[in-house]
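Observations on the three-dimensional arrangement
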Amino acid sequence: MYFKKYNINLPELNDLLHDKWFDVNNLTFDEAKKEFRLIFGENKEFYDQYLKISGVLGCEIIDTEQVGIYDIYELSVDLEHNKIRINGCIPISITLDVSEDFEITTGQQ
């Protein structure tokens, strides 16, 4: 699914993120900048890429397993409710409340 208004090709984004690893302790949410950042990589020891979401108004992390390091299952966008969700293969759920003009970018660290 491609969200033209937000320049997001969701299948391509999920192809990039799926089965990549991140450390929950490295997640950042800067309330002043309204920015969420997740550092991820191909394996559990080396994180060389980032996912940055701007226009974030709130962040909720449900981490029932408390294992620290997770692999990403998928990112979903709910435009009706202005939410972005990141779910892990190992159970973890990150829900972001976003403004209507949010932006998602990825790149190399």
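Structure: above.
Residues numbered from 1 in each chain as written. Predicted model: local features only at pLDDT ≥ 70, side-chain atom pairs only at ≥ 80, totals over all residues. Heavy atoms only, no water.

What follows covers the sheet that holds strand β6 (residues 49-62). Here seven strands make up an open sheet; going across it, the order is β3-β7-β8-β9-β6-β5-β4 and the pairing antiparallel. Of all strands in the sheet, those bounded by a partner on one side alone are β3 (21-23) and β4 (28-30). Between one strand and the next, the sheet's axes are offset by a mean angle of 45 degrees, whatever the strand orientation. Of the strand pairs in this sheet, strand β8 (residues 83-88) and strand β9 (residues 93-108) are connected by five bridges, and their pairing is antiparallel. (Pairing = 2+ DSSP bridges. Helix = DSSP H or I, 4+ residues; strand = E, 2+ residues; numbered from the N terminus. Axes fitted to C-alpha atoms, helices over the stretch in contact; angles between N-to-C directions.)

Topologically, E35 is positioned in strand β5 (residues 35-40). The buried charged residue E35 lacks any salt bridge, with K52 as its nearest oppositely charged partner at 4.0 Å. Residues within four places of E35 in sequence aside, it is in contact with T28, F29, D30, K52, I53 and S54. (Buried < 20%, exposed > 50% of the residue type's maximum accessible area, 1.4 Å probe, protein only. Lys, Arg positive; Asp, Glu negative; His and termini not counted. Salt bridge = Lys/Arg side-chain N within 4 Å of Asp/Glu carboxyl O. Contact = heavy atoms within 4.5 Å.)

With glycine set apart, most residues show a phi of negative sign, and most peptide bonds adopt trans. With phi around 55 degrees, K34 is a residue other than glycine that occupies positive phi space. Structurally, K34 is set in the loop between β4 and β5.

This next bit is on the nonpolar core. Ranked by size, the top nonpolar core spans 25 residues in total, and within it F22, L38, L51 and L75 carry the most contacts. Only α1 (10-17), β5, β6, β7 (69-78), β8 and β9 provide two or more residues apiece to this core. Here the element with the most residues in this core is β9; it accounts for five residues. (Core = buried A, V, L, I, M, F, W, Y, C linked by side-chain atoms within 4.5 Å.)

With the rule as written, the count across this model stands at one aromatic pair. Directly above the ring of Y50 sits R37, whose terminal nitrogen or CZ lies 4.3 Å from the centroid. (Phe/Tyr/Trp six-rings, centres within 6.5 Å; stacked < 30°, edge-to-face > 60°. Lys NZ or Arg CZ within 6 Å of the ring centre and 35° of its normal.)

Remember, this is a structural readout, not a statement about activity or role.
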